[in-house]
Each structure stands twice: as structure tokens, then as C-alpha cells.
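Coordinate analysis (summary)
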Amino acid sequence: MNEALRNPVVVRSVSLGLILLVWIVAAGLTADATVLPQPWTLLEPFVRVVGSGALPYHLGMTLFRVVCAFVPAMLIGAAIGFLMGRFPSVDRWLDPWLVVFLNLPALVLIVLCYLWIGLNETAAILAVVLNKIPNVATLVREGARALDPDLDAMAKVYRMSGFSRLCHVVLPQLAPFLAGAARSGIAVIWKIVLVVEFLGRSSGIGFQIHFYFQLFDVAMVLVYALTFIAVMLVVEALLLQPVERRARRWRTA
């Protein structure tokens, strides 16, 4: 029994089961399906929107925007964070910018991008990227500051090229910070994407939530929201967690 409770899969399954139990109890106490329906009552609308193709289409559009925002946010944020962590002069110049964007509400950036660029995909994705870059830069900056100087000196002694030093000395040390930034980043980005879609797009999970919110249809809001949450949990379990474990493995080897 104790061994089973140490199994991560068992623990996660029990934890999710407890969430489901709380939902069932809360729905029973509410006793009003228009406020909080029971979980099993969502099966029929779920099958309906999947069969009509609406759910796969809007889910695909949201995932497309998540990927389009995640990749540049990680690349730009990692580059900025590395430069800030390695070069104090760059850090002094860019730190005020970082603080400003870290404290600028996501909603403000989204609205400004829509006002300045228009209600289009460019504005939507740019708003998400700008919201995420500061978080990635902050995490990677701390990783760059923590780089082992002895390993850097060793690379110089062996006259490693800049590319080899990056691949074999710098990136392995930064990998845990990059993995952490990616894992937290994907969780933040998809939430911001939903807000972007809610405010100014005509497709995506956020748009559908906005549509059914206007109809006060709680069941359909939950169907779309929970479907996307389920997809992101799968991405987290099958992709992000294994990558993070691999990135941290060398520290305990």
C-alpha cells in the first residue's frame, strides 16, 4: 500500500479523483445544473460538439496560437536572460525594462496590441509573446548567473570553440532553468491565449467560452474549458515533465 502511494501515477490519479469528488459534492449541494452541472451530464454536449467538428476546430486554433507564441517567447526570453546574467552592463540597462513588463498587466498589453495593430492574429500572438518574455528572461538570468566559473575556465584551457562551449558547457547548466521556464511558460501562455481569444478573435477555446458565457450556458463553458485543460495535462505529463527530469538528471548523477 505504501509503495503504491509512492507511485507518481497513483498519486496523480487519486488527486484528480479527489477533485472530481469535490465537484460532485459541490454540484449536489448546489442542486442546480445551470450553476454547476454534474460531471456526467457534460458527456452528451461533449460528444455533440466533437461530432459536429466545432470542438476539434477551436481546440486546434488555440493550440496553434499557443505554439506560435511559445516558441518565440522562449527563444527571445532565453537570449535576453542569458545576456543579462552574463554581462552586468546589459543587466543594468535592461533590468528596468524587465521590471516594467513583469508588472504590466497582461490585459493592458493585449488591449494595446489590438488597438495599435488591429484585431488580427499578429496582434494576438504578439500580445502573448510580450507577456511571456519577461518571465523566461528572469528565470534564465538566474541560471546564467549561477554558471560554474570553473567549468568556463576549463573550456578556455582546452581551447573549446564558442559553439562547443555553448553546447557542452553552458546549455547543460542552463537546461534545468530552461526546462522550468518552458514548463511554467506553457501554463501561463495558454491562459493568456484564452484571454486574447475571449477579447478579440473569432475562433479558439477562448472565443467559444465568450460565446457560451453570453448565453449563460455553464455546461458548454465547462466542456470547452475542461477539454483544453485535459490536453494541457497530457502535454505536461508526456512532454514537459520528462524534459525537465532529463534536464535535471545530471545534477544527481
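The preceding data block contains the structure.
Residues numbered from 1 in each chain as written. Predicted model: local features only at pLDDT ≥ 70, side-chain atom pairs only at ≥ 80, totals over all residues. Heavy atoms only, no water.

**Topic: the packing of helix 4 (residues 54–86) against helix 10 (residues 205–214)**
Note the threshold: As a rule, the C-alpha atoms of each element are fitted with a line to give its axis, helices using only the stretch in contact, and angles between N-to-C directions run from 0 to 180 degrees. Helix and strand assignments follow DSSP, with helices taken as H or I runs no shorter than four residues and strands as E runs no shorter than two, numbered in order from the N terminus. The cut-offs work like this: below 35 degrees is roughly parallel, past 145 is roughly antiparallel, 65 to 115 is roughly perpendicular, and the gaps in between are oblique. When checking whether two residues touch, look at their non-hydrogen atoms; a contact exists if any pair is within 4.5 Å. Polar here means any residue other than Ala, Val, Leu, Ile, Met, Phe, Trp, Tyr, Cys and Pro, which are nonpolar, and Asp, Glu, Lys and Arg, which are charged; Gly is therefore polar.
Where helix 4 meets helix 10, the axes come as close as 7 Å, and the angle between the chain directions of the two elements is 125 degrees. Relative to helix 10, the element helix 4 is oriented oblique. Touching Leu55, His58, Leu59 and Thr62 of helix 4 are Ile205, Gly206, Phe207 and Gln208, all from helix 10. Of the residues belonging to the contact of helix 4 with helix 10, the class tally is four nonpolar, four polar and no charged.

**Describing helix 5 (residues 88–103)**
Rules: Given the number of residues in a helix, its expected span is that number minus one, multiplied by 1.5 Å. The angle separating two fitted axes, one through the seven residues that finish at a residue and one through the seven that start at it, defines the bend at that residue.
Over its 16 residues, helix 5 runs 22 Å from end to end, which matches the ideal 22 Å to within 8%, given 1.5 Å per residue. Residue Leu94 marks the point of greatest curvature in helix 5, where the axis turns by about 45 degrees; the proline Pro96 follows within four residues.

**Things to note about a nonpolar patch on the surface**
Applied cut-off: Residues with no salt bridge and a relative accessible area higher than 30% make up the patches, which join like charges within 9 Å and nonpolar side chains (Val, Leu, Ile, Met, Phe, Trp, Tyr) within 5 Å. Note on areas: these come from Shrake-Rupley sampling with a 1.4 Å probe, and a residue is covered only by the protein chains present in the view. Salt bridge, as used here: a side-chain nitrogen of Lys or Arg that lies within 4 Å of a carboxyl oxygen of Asp or Glu.
A cluster of nonpolar side chains, contributed by Leu107, Val111, Leu115, Trp116, Ile117, Leu126, Val195, Phe198, Leu199 and Phe213, occupies part of the molecular surface with about 950 Å² of accessible area. Taken together, the elements giving at least two residues each to the nonpolar patch come down to helix 6 (106–117) and helix 9 (162–200). Per-element accounting of the nonpolar patch gives the leading share, five residues, to helix 6. On the secondary structure map, Leu115 appears in helix 6.

**Examining the side chain of His58**
As a reminder, the rule being used: Categorising residues by exposure relies on relative accessible area from a 1.4 Å probe, with only protein chains included: less than 20% of the type maximum marks a residue as buried, more than 50% marks it as exposed, and the intermediate range marks it as partly exposed. The definition of a polar contact used here is a pair of N or O atoms within 3.5 Å, where within protein one atom must be able to donate a hydrogen and the other to accept one, and adjacent residues in sequence count solely through side-chain atom pairs.
Note on placement: His58 falls in helix 4. Given the relative accessible area of 8%, His58 is considered buried. Looking at His58, its side chain comes within polar contact range of the main-chain nitrogen of Gly204, at 3.0 Å. Those residues in contact with His58, other than ones at most four positions away along the chain, are Ser202, Ser203, Gly204, Ile205, Phe207, Gln208 and Tyr224.

**A closer look at the pattern of salt bridges**
Overall, the coordinates contain nine salt bridges when judged by the stated rule. When the shortest N-O distance is used, the salt bridge between Arg65 and Glu121 registers 2.6 Å. Pair noted here: Arg65 is in helix 4 and Glu121 is in helix 7 (residues 121–145), with a separation of 56 residues, a long-range link. Ionic pairing is found between Arg141 and Asp95, a salt bridge with its closest N-O pair at 2.9 Å. In this pair, Arg141 sits in helix 7 while Asp95 sits in helix 5, placing the two residues 46 residues apart along the sequence.

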